Amino acid sequence: MDHFDNLHKLKSLSIEGIEIVNIQRRMFEPLKNLTHICKPNTDGISSLEDLLANIVLRVFVWVVSATTCIGNIFVIGMRSYIRSENKLHAMCIISLCCADGLMGVYLFVIGAFDLKFRGEYNHHAQAWMDSSECQVVGSLAMLSTEVSVLLLTYLTLEKYVCIVYPFRYVSPRRGRTVSVLISIWVLGFVIAFIPLVGKGIFRNFYGTNGVCFPLHSEQPETPGAQIYSIIIFLGLNLIAFLIILISYGSMFYNIQRTGTRATEYRNHIKKEVTIAKRFFSIVITDSLCWIPIFILKILSLAQVEIPGTISSWVVIFILPINSALNPILYTLTTRPFKETILQVWENYRERRTISSIQNSACTPSFTWLEICRDAMRFLTEEG
């Protein structure tokens, strides 16, 4: 702590790229002439004053959080009113909404702590990244991403078998679907919370940056954390991503090749193709989100210098954007939802029309009042 005690005339200090593990305020107290410190080691997301250094990120974290939470809650609620022909499919969609909704909760917590530390983040940075709140919210973000990826992979494989092998396909029963969903969530919990249990191996796995997500860090990772990160991001997620792409490519090729030749086949899979096309839109958005993450993780492992602004945009905007868009893609644009909204609108118009007719019947018109007035005057004069 007395390392700088003899540097009384020092005006500028550059500690760029230097990791000082035991850094503390006492080290800089003797430096009365020090005006500024150049580029201290940072995660590229936070500044000395704020958890989220960029004003655009501070706005987006609330916009994406609100959109994600409201959209997924709305979809979960609407699924109770939409008469779905496939209840098991609806169950999977609700499960996917729950996973995506966790991403909204994660962003809401990050935004809340950004407000809490506004203007004085440097006083709380290390305590925040070491806190249980940061560890839990980082685990929720990891749980959300992994369950979402696994669910999309499962749904894709279901549609693949149904479309490519329609006459061999046996519709899944409720018990099997529930078992698969429970297994996916259990696996997601294991993946997300293992780093919290093995502190000796993973150290501070989620607390390597201010947003508590282990995508990129300028701090050196332990070998265990690095291997685990490779297994999850470049192993499990990349394999799932490739399975989804190959499955959809095979599905649409098979539809184009045989769909027009066999009327029986075409009628059998017509409904499934509609669902598959909708899920393909979801896969496209997920691809646009995950490809930058794969690239960023590979560059990080290769120790390529990555600008901090890129990391912050990927974590705050690109990673959760599919969670915000998924409700629009797999419910708000579907035929049952449109029919439900149209029926609600027709019922509203019908009630308005009936109410208007009743009001007209109860309220005398101007002409009728004039006739009544003339009749009364005539009777009075005759009397």
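What counts as what
Residues numbered from 1 in each chain as written. Predicted model: local features only at pLDDT ≥ 70, side-chain atom pairs only at ≥ 80, totals over all residues. Heavy atoms only, no water. UniProt positions renumbered as here; feature names shortened; annotations may be inferred. Disulfide = S-S within 2.5 Å. Helix = DSSP H or I, 4+ residues; strand = E, 2+ residues; numbered from the N terminus. Expected span 1.5 Å × (residues − 1). Bend = angle between axes of the 7 residues up to and from the residue. Buried < 20%, exposed > 50% of the residue type's maximum accessible area, 1.4 Å probe, protein only. Salt bridge = Lys/Arg side-chain N within 4 Å of Asp/Glu carboxyl O. Phe/Tyr/Trp six-rings, centres within 6.5 Å; stacked < 30°, edge-to-face > 60°. Axes fitted to C-alpha atoms, helices over the stretch in contact; angles between N-to-C directions. Left-handed = near helix turned anticlockwise from the far one by under 90°. Nonpolar A, V, L, I, M, F, W, Y, C, P; charged D, E, K, R; others polar. Polar contact = N/O pair within 3.5 Å; in protein donor to acceptor, adjacent residues only side chain to side chain. Parallel < 35°, antiparallel > 145°, perpendicular 65-115°, else oblique. Contact = heavy atoms within 4.5 Å.

The name given to the protein in an unreviewed UniProt entry is G-protein coupled receptors family 1 profile domain-containing protein, with Anguilla anguilla as the source organism. As stated in UniProt under Subcellular location (unreviewed entry), the record for the protein gives "Membrane".

Taken as a whole and assessed by the stated rule, the structure comprises one disulfide. A sulfur-sulfur separation of 2.0 Å characterises the disulfide bridge that pairs Cys-134 with Cys-212. In this structure, the disulfide formed by Cys-134 and Cys-212 twists by about -120 degrees around the S-S bond and is classed as left-handed. Of this pair, Cys-134 sits in helix 4 (residues 132–164) while Cys-212 sits in the loop between helix 6 (199–202) and helix 7 (223–258); the two residues are 78 residues apart in sequence, bridging distant segments of the chain.

What follows is about helix 5 (residues 174–197). With 24 residues, helix 5 extends 34 Å from end C-alpha to end C-alpha; this agrees with the ideal 34 Å at 1.5 Å per step. Residue Ile-191 marks the point of greatest curvature in helix 5, where the axis turns by about 30 degrees; the proline Pro-195 follows within four residues. Those residues of helix 5 not exposed but buried are Thr-177, Leu-181, Ile-184, Trp-185, Gly-188, Ile-191, Ala-192 and Pro-195.

The UniProt feature table records "transmembrane region" (unreviewed entry) at residues 55–76, 88–113, 136–157, 178–198, 227–248, 279–304 and 310–332. Between the C-alpha atoms that bound residues 88–113 there is a distance of 38 Å. The span itself is 100% helix and 0% strand. Secondary structure across residues 136–157 divides into 100% helix and 0% strand, with the first and last C-alpha atoms of the span separated by 31 Å.

Attention shifts here to the pattern of salt bridges. All told, the structure shown has four salt bridges when counted by the stated rule. Between Arg-118 and Asp-114 there is a salt bridge, with the nearest N and O atoms lying 2.6 Å from each other. A relative accessible area of 35% places Arg-118 in the partly exposed class. On the accessibility criterion, Asp-114 (1% relative accessible area) is buried.

A few words on the packing of aromatic side chains. All chains considered together, the criterion is met by 15 aromatic pairs. The interplanar angle of 80 degrees and the centroid separation of 5.8 Å between the aromatic rings of Phe-205 and Tyr-228 together place this pair among those described as edge-to-face. With a gap of 23 residues between them, Phe-205 in the loop between helix 6 and helix 7 and Tyr-228 in helix 7 connect regions that are remote in the sequence. Exposure remark for Tyr-228: the relative accessible area of 12% places this residue in the buried category. Through a chain of ring-to-ring contacts, the aromatic side chains of Phe-113, Phe-117, Tyr-121 and Trp-128 assemble into a single cluster.

Moving on to unusual backbone geometry. In this structure, Arg-203 is a non-glycine residue whose phi angle is positive, near 55 degrees. Within the secondary structure, Arg-203 sits in the loop between helix 6 and helix 7. For Arg-203, a relative accessible area of 47% translates into the label partly exposed. We note that Cys-212 has phi near 65 degrees; this positive angle belongs to a residue other than glycine.

One can describe the packing of helix 4 onto helix 5 by two numbers: an axis separation of 8 Å at closest approach and a directional angle of 145 degrees. The hand of the helix 4/helix 5 crossing is right-handed. By residue class, the composition of the contact of helix 4 with helix 5 is 16 nonpolar, four polar and three charged.

Across its 24 residues, helix 1 (residues 55–78) extends 35 Å between first and last C-alpha, which sits within 8% of the 34 Å expected from 1.5 Å per residue. Buried within helix 1 we find Leu-57, Arg-58, Val-61, Val-64, Ser-65, Thr-68, Gly-71, Asn-72, Val-75 and Met-78. Between the side-chain oxygen at the start of helix 1 and the backbone nitrogen of Val-56 there is a gap of 2.8 Å, and the oxygen is on Asn-54.

Between helix 2 (residues 87–116) and helix 5, whose axes approach to 10 Å, the crossing angle comes to 15 degrees. Comparing the axis directions of helix 2 and helix 5 gives the class roughly parallel. Both helix 2 and helix 5 take part in a crossing whose hand is right-handed. When helix 2 is examined against helix 5, the residues Leu-88, Met-91, Cys-92, Ser-95, Cys-98, Ala-99 and Leu-102 are found in contact with a partner set consisting of Arg-174, Thr-177, Val-178, Leu-181 and Trp-185. Grouping the constituent residues of the contact of helix 2 with helix 5 by class yields nine nonpolar, two polar and one charged.

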